2 protein chains.
Amino acid sequence: MNNNSFIPTGWENEINARVEKIAAQLNANGLDAVLLADNVSLYYTSGRVFAGYTYISAEGKVYYCVRRPVGFEQCENVHYIRKPEMIPALLEKQPAKLALKTDVMTVAEYNRLSQVFPEAEIADASAMFRALRSVKSEFEQNLLKEDGIHHQAAYERIPAIYRAGMTDVELQIEIERALRLEGCLGLFRVQGGSMELFMGNILVGDNADSPTPYDFAMGGAGADASLPVGASGEPIVAGKTVMVDACGNFNGYMTDMTRCFRVGEVSELAMKAHELSISVNRRLAQFGAGTPAKQLYEEAVKMVEEAGLTDYFMGHKQKAGFVGHGLGIEINEAPVLAPRSRDVLEEGQVVAIEPKFVIPGVGAVGVENTYIVRTDHLECITNAPEEMIELV
Amino acid sequence: MNNNSFIPTGWENEINARVEKIAAQLNANGLDAVLLADNVSLYYTSGRVFAGYTYISAEGKVYYCVRRPVGFEQCENVHYIRKPEMIPALLEKQPAKLALKTDVMTVAEYNRLSQVFPEAEIADASAMFRALRSVKSEFEQNLLKEDGIHHQAAYERIPAIYRAGMTDVELQIEIERALRLEGCLGLFRVQGGSMELFMGNILVGDNADSPTPYDFAMGGAGADASLPVGASGEPIVAGKTVMVDACGNFNGYMTDMTRCFRVGEVSELAMKAHELSISVNRRLAQFGAGTPAKQLYEEAVKMVEEAGLTDYFMGHKQKAGFVGHGLGIEINEAPVLAPRSRDVLEEGQVVAIEPKFVIPGVGAVGVENTYIVRTDHLECITNAPEEMIELV
């Protein structure tokens, strides 16, 4: 094999800029280096997932310490290793203060890597990377815009996909197929091991009011107790809503978008709540960089209270404690739009806003969009029609 | 809500038996209790995934410390908590020696839980659970047999799904749909964060020889550098093989099965290697409980050497270092069938055996089956036809 560059074509400048930003942060925090081991961090620092480690020094020197795949032996900054114990011998100088990401690293790996650098003081790089990754470059914003276009194209096929008599699971399978044919990679990356989802969450009728253990905005009993979220085999019948919140990962980054459908007429309450969700989206998109994230949550709550819909907001039997979240490579990045969030919106951050309601006897309503934070507003990049479309 | 039991219906005796086994192991290892926090362990100890912790004492008392979902407030052994700091107050007695699973727990969570029990000595429960979970009860074996039946039913539809002119990705999407319609939950659980796969691996032609970073038996470039494994958009043309290795998770447990197809005639070498894979499966299935796992690997290697096919065995440009693996809730459980494995087969363990070959210019060949370890043989539970079926 003869690969010229470990960095995928077109990613070179972006990766250089990221390494520079990381080195600057290491310097600002008095750290000599960071050693990254998780797939998301490896992808962030190289443009590809590989087996191994990325080591970045405060001087901005990067070492890709690769176990697999073979084929990049001649590439710049690439060093093949069989085990992490081989890393120190590659380095120009040993770190006195080395950062690791303790939010995603297992104890077993942390202990091993600490022993690889027995002289080093070990620091935590979690907060630094959470902040760094939350602000998206133009390159990343373009990947996310590309997601938005494909995500929208797949969602616009949903009315044609629907057949009377389908269950939620059957409709979900056809939506999954439409997304995959549109280029969706399917993988839904979530930071931490506590949240699991296959490819999306389709909620019909009262299944939307089944509490889930996972920290998603909406619930659903799921098809099995081993994966208790989302569609559960509920028939799609007249008077019920169908909420579609499915995977927007077309290129390693992902958008988040929810749209809502109905069969026949649904209650006035449901229609009103859906319209309010659109209004909340519109109102929150008027905020821009510099706004405390919790202010967006508070504004949403205020609008919902004024409309008298608090009982149904962000769930009914069980409620979610946020109205939006950052996203990018993973679905749960910074900032968090929640009452006790200390995050402040920064230009270039990307947030999903999802003011949703669960109406007993009807189902879930509301829309979710992904926005790029601009100086004085939020730019929506998920532009499928927002009204509640009737499925016939 | 009024749920009578936290344990799903039909799981009560199974969960009681598991708790007893865990308590016996705690006693045998001089531990007072184990605190489990990862979804797989929560599912293993309760029959459902929930947000919270399972605490099991050496006396066999179990505490389900639940954050979410709501609705089980009146159930036996269930205690609602907002945070782990509330656990000690629930316990009859405090542990002097407490075990955690350091192989899957993040450093951040470990540090927090250690501080919840500041007086306790913290031990590691990883090896204990690896051993415990590797031996499947009759209840678990029945779930796995159910998987095998559905897995087979979906695979048998593949020839009817195929259309001339498809790419590997297009065929994969239709196979995913067939599996989902058969009841597959889609989620592919892997222990640890290093291996990622969407719903399966479909390899056509020379894409099978593209090295992957992941520790799967076979590679494939994948559709994007963010998920570099499997189908890459390769056209399915005459003279090539199509290897299908897709998700068998129909109930929280999963089978692993690979079948191989061809378009037109493929080379004699490819046909010979495929036949050898079937023979290796058959030969290894003659071993039973008490056999060192590495002996199965050595036997496979010996058969391949005798046939002169070593160059192609378990990959060509990049080779995998094993011929099989335990599985159950996750795809990578004990035992490992590899040259340096110290595992010894035990009755009731479940292993996938996958002697595969990559033939340059043709593609991947071979079959994989899931077996239950019996006293004197391995019982195959994935019984789709093994011959290389022509796609027309």
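Residues numbered from 1 in each chain as written. Chains lettered and ligands numbered in written order. Predicted model: local features only at pLDDT ≥ 70, side-chain atom pairs only at ≥ 80, totals over all residues. Heavy atoms only, no water.

Now for the overall build of chain A. The helix and strand inventory of chain A stands at 9 helices and 19 strands. For a compact globule of 392 residues, the expected C-alpha radius of gyration is about 21 Å, and chain A comes in at 22 Å, within 12% of that figure. A burial count over chain A gives 62% of its 392 residues as buried. The contacts of chain A with a sequence gap of at least 6 include a subset with a gap of at least 24, amounting to 67%. If you sum the accessible surface of chain A, you get close to 14,300 Å²; carbon and sulfur atoms cover 48% of it. For chain A, the distance from the average position of its 35 positive side-chain charges to the average position of its 53 negative side-chain charges is 3 Å. (Helix = DSSP H or I, 4+ residues; strand = E, 2+ residues; numbered from the N terminus. Rg over C-alpha atoms; globule rule 2.2 N^0.38 Å. Buried < 20%, exposed > 50% of the residue type's maximum accessible area, 1.4 Å probe, protein only. Contact = heavy atoms within 4.5 Å. Areas by Shrake-Rupley, 256 points an atom, 1.4 Å probe, with all protein chains shown as cover. Lys, Arg positive; Asp, Glu negative; His and termini not counted. Charge placed at Lys NZ, Arg CZ, Asp CG, Glu CD.)

The next point concerns the relation of the copies chain B and chain A. A rotation about an axis combined with a shift along that same axis relates the two copies of the chain. Expressed as a screw transformation, the operator carrying chain B onto chain A has a rotation angle of 180 degrees and an axial translation of 0.0 Å, and the superposed copies differ by an RMSD of 0.0 Å. Here the copies are linked by what is in effect a two-fold axis. No C-alpha of chain B lies nearer the rotation axis than that of Thr 106 of chain B, which sits 2.0 Å from it. The fraction of interface residues of chain B whose copies in chain A are also interface residues reaches 100%, indicating that both copies meet through the same surface. (Least-squares fit on C-alpha atoms with pLDDT ≥ 70 in both.)

As a general point, the strands of a sheet are linked pairwise by backbone hydrogen bonds and lie either parallel or antiparallel. Residue and element names in this part refer to chain A. On the basis of which strands lie adjacent, the open sheet formed by 5 strands has the order S13-S12-S14-S17-S18 and antiparallel pairing. Of all strands in the sheet, those bounded by a partner on one side alone are strand S13 (333–337) and strand S18 (378–380). On average, adjacent strands in this sheet sit at an angle of 30 degrees to one another, irrespective of strand direction. (Pairing = 2+ DSSP bridges. Axes fitted to C-alpha atoms, helices over the stretch in contact; angles between N-to-C directions.)

Residues and elements named next belong to chain A. Spatially, S7-S8-S11-S19 is the arrangement adopted by the 4 strands of the open sheet, whose pairing is mixed. The open sheet has two edge strands, strand S7 (200–204) and strand S19 (389–390), and neither has a second partner. In the sheet, S7 pairs with strand S8 (residues 241–246) via 5 bridges, with the strands oriented antiparallel. Paired with Leu 203 across the strands is Met 243, a residue of S8. Here helix H5 (residues 138–155) sits on the sheet in contact with S8 and strand S11 (258–262), set at roughly 150 degrees to S8.

This paragraph deals with the interface of chain B and chain A. Each side of the interface is counted separately: chain B has 53 residues, and chain A has 53 residues. For the pair chain B and chain A, the summed buried surface comes to about 4,300 Å²; carbon and sulfur atoms form 63% of the total. When the buried area of chain B at its contact with chain A is split by residue, Val 107, Arg 180 and Phe 198 of chain B rank highest and sum to 14% of it. Counting the contacts that link chain B with chain A gives 6 salt bridges. Taking the shortest distance from any N to any O, the salt bridge between Arg 189 of chain B and Glu 196 of chain A comes out at 2.8 Å. Run the count over chain B and chain A and you get 24 residue pairs in polar contact (both at pLDDT 80 or more). Contributing elements (two or more residues each) for the side of chain B that touches chain A: helix H2 (39–46), helix H3 (107–116) and helix H7 (168–181) of chain B. (Buried area = accessible area lost by both parts, 1.4 Å probe. Salt bridge = Lys/Arg side-chain N within 4 Å of Asp/Glu carboxyl O. Polar contact = N/O pair within 3.5 Å; in protein donor to acceptor, adjacent residues only side chain to side chain.)

This brings us to the packing of helix H8 (residues 268–284) of chain B against helix H9 (residues 293–306) of chain B. Residues and elements named next belong to chain B. Running from amino to carboxyl end, H8 crosses H9 at an angle of 145 degrees, the nearest separation of the two axes being 10 Å. For the pair H8 and H9, the sense of crossing is right-handed. Facing Leu 276, Ser 279, Val 280, Arg 283 and Leu 284 of H8, the residues of H9 in contact are Leu 296, Glu 299, Ala 300, Met 303 and Val 304. Across the contact of H8 with H9, the residue classes tally to 7 nonpolar, 1 polar and 2 charged. (Left-handed = near helix turned anticlockwise from the far one by under 90°. Nonpolar A, V, L, I, M, F, W, Y, C, P; charged D, E, K, R; others polar.)

Attention now moves to the packing of aromatic side chains. Under the definition given, this model contains 25 aromatic pairs over all chains. On the basis of an interplanar angle of 75 degrees and a centroid distance of 5.6 Å, the ring pair of Tyr 55 of chain A and Tyr 63 of chain A is categorised as edge-to-face. Summarising the burial analysis for this pair, Tyr 55 of chain A and Tyr 63 of chain A share the class buried. Judged by centre distance (6.3 Å) and plane angle (25 degrees), the rings of Tyr 55 of chain B and Phe 117 of chain B are stacked. Residue Tyr 55 of chain B is found in strand S2 (residues 51–57), and its partner Phe 117 of chain B is found in the loop between H3 and strand S6 (121–124); the two are separated by 62 residues along the sequence. (Phe/Tyr/Trp six-rings, centres within 6.5 Å; stacked < 30°, edge-to-face > 60°.)

Quick look at the pairing of strand S16 (residues 363–366) of chain B now. Here strand S15 (residues 356–359) of chain B pairs with S16 of chain B via 4 bridges, running antiparallel. Of the residues in S16 of chain B, the one forming a bridge with Ile 359 of chain B is Gly 363 of chain B.

All right, on to the pairing of strand S14 (residues 350–353) of chain B then. Side chains on a regular strand alternate between the two faces of the sheet. All names here are of chain B. Neither face of S14 is left uncovered, since the one carrying Val 350 and Ala 352 and the one carrying Val 351 and Ile 353 both have all their residues buried. Pairing geometry for strand S12 (residues 324–326) and S14, over 3 bridges, is antiparallel. Pairing of Gly 326 across the sheet is with Val 351, part of S14. Pairing analysis gives 4 bridges linking S14 to strand S17 (residues 369–373), with the strands arranged antiparallel. When the bridges of S17 are listed, Val 351 appears paired with Tyr 371.

Right, let's get into the environment of Met 105 of chain A. Relative to the elements of secondary structure, Met 105 of chain A occurs in the loop between strand S5 (97–100) and helix H3 (107–116). Residue classification places Met 105 of chain A among the buried positions, given a relative accessible area of 4%. Contact partners of Met 105 of chain A, with chain neighbours within four places excluded, come to Ala 37, Leu 100, Tyr 110 and Leu 113 of chain A together with Met 105, Thr 106 and Val 107 of chain B.

Turning to the confidence of the model for chain A, a few remarks are in order. The predicted model of chain A has a mean per-residue pLDDT of 97, with 99% of residues at 70 or higher. Across the interfaces of the predicted complex, the ipTM metric reaches 0.97, alongside a pTM of 0.97. (pLDDT = per-residue confidence, 0-100.)

One recurring pattern in soluble globular proteins: nonpolar side chains tend to sit buried together. Grouped together as the largest cluster of nonpolar side chains are 152 residues, with contacts concentrated most on Val 34, Tyr 64 and Val 242 of chain A together with Val 34, Tyr 64 and Val 242 of chain B. Those residues within four positions of Val 242 of chain B in sequence are excluded, and the remaining contacts are Leu 171, Ile 202, Leu 203, Val 204, Ile 236, Arg 259, Cys 260, Phe 261 and Leu 391 of chain B. (Core = buried A, V, L, I, M, F, W, Y, C linked by side-chain atoms within 4.5 Å.)

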